[in-house]
Amino acid sequence: MKKLMHILFLSCLKATELIEKKLHVQLSTKEKVKLTLHKSMCSACRLYDKQSHILDEALKTHNKKDVNINIEELKLDIKQKISQT
């Protein structure tokens, strides 16, 4: 049973690795299933997934707009988007 649990369930560390990986490449079906299963039980990783997506979108948007980014403005924008989740 313990071996089966180890195969089916991810640690939070591995889940966060997969969350970051899915922002850049497509996950395999096995990785998607494991991550979905983990996030269904772990509220911290669900929140990390939302926040990671928000940060990635904010950085993409700001990088497209201007090379000279106002850091304080970026910080405020990120804080506002995180507090909305």
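Residues numbered from 1 in each chain as written. Predicted model: local features only at pLDDT ≥ 70, side-chain atom pairs only at ≥ 80, totals over all residues. Heavy atoms only, no water.

(A) Examining the overall build of the protein chain more closely. Helix and strand counts for the protein chain come out as five helices and zero strands. Seen in sequence order, the protein chain has helices and strands lined up from the N terminus as α-α-α-α-α. Within the protein chain, the proportion of its 85 residues that are buried is 25%. Split by element, the accessible area of the protein chain, about 6,600 Å² in all, is 60% carbon and sulfur. (Helix = DSSP H or I, 4+ residues; strand = E, 2+ residues; numbered from the N terminus. Buried < 20%, exposed > 50% of the residue type's maximum accessible area, 1.4 Å probe, protein only. Areas by Shrake-Rupley, 256 points an atom, 1.4 Å probe, with all protein chains shown as cover.)

(B) Seen up close, the nonpolar core. If you look at the biggest cluster of nonpolar residues, it comprises eight residues: Leu10, Ala15, Leu18, Ile19, Leu27, Leu35, Cys42 and Cys45. Here this core takes three residues from helix H2 (residues 12-22), the largest share from any one element. The residues contacting cysteine 45, other than those within four sequence positions of it, are Cys12, Ala15, Ile19, His38 and Lys39. (Core = buried A, V, L, I, M, F, W, Y, C linked by side-chain atoms within 4.5 Å. Contact = heavy atoms within 4.5 Å.)

(C) The arrangement of the packing of H2 against helix H3 (residues 29-41) in detail. Following both chains from N to C, one finds H2 and H3 inclined at 125°, their axes separated by 10 Å at the closest point. In terms of orientation, H2 and H3 fall into the oblique class. In this structure, H2 crosses over H3, and the sense of that crossing is left-handed. In this structure, H2 uses Cys12, Ala15, Leu18, Ile19, Lys21 and Lys22 to contact H3, whose residues at the interface are Glu31, Leu35, His38 and Lys39. (Axes fitted to C-alpha atoms, helices over the stretch in contact; angles between N-to-C directions. Parallel < 35°, antiparallel > 145°, perpendicular 65-115°, else oblique. Left-handed = near helix turned anticlockwise from the far one by under 90°.)

(D) Summary view of the environment of cysteine 12. Here cysteine 12 is to be found in helix H2. Taking the relative accessible area as the measure of exposure, cysteine 12 reaches 38% and is therefore partly exposed. Distance from cysteine 12 to histidine 38, taken between C-alpha atoms, is 8.0 Å for residues 26 residues apart in sequence. Apart from the residues within four sequence positions on either side, cysteine 12 is in contact with His38, Cys42 and Cys45.

(E) Up close: a nonpolar patch on the surface. Nonpolar side chains collect at one region of the surface, where Leu8, Leu37 and Met41 lie side by side and expose about 260 Å² of accessible area between them. Relative to the helices and strands, leucine 37 resides in helix H3. Judged by its relative accessible area of 31%, leucine 37 falls in the partly exposed class. (Patch = residues over 30% accessible without salt bridge, like charges linked within 9 Å, V, L, I, M, F, W, Y side chains within 5 Å. Salt bridge = Lys/Arg side-chain N within 4 Å of Asp/Glu carboxyl O.)

(F) Layout of the pattern of salt bridges. Summed over the entire model, instances satisfying the criterion amount to seven salt bridges. Among the salt bridges present, the one from lysine 14 reaches glutamate 17, with a minimum N-O distance of 3.7 Å. Pair noted here: lysine 14 and glutamate 17 are both in helix H2, with a separation of three residues, about one helical turn. Note on lysine 14: relative accessible area 37%, which makes it partly exposed. When the shortest N-O distance is used, the salt bridge between lysine 21 and glutamate 31 registers 2.8 Å. Of this pair, lysine 21 sits in helix H2 while glutamate 31 sits in helix H3; the two residues are ten residues apart in sequence, bridging distant segments of the chain.

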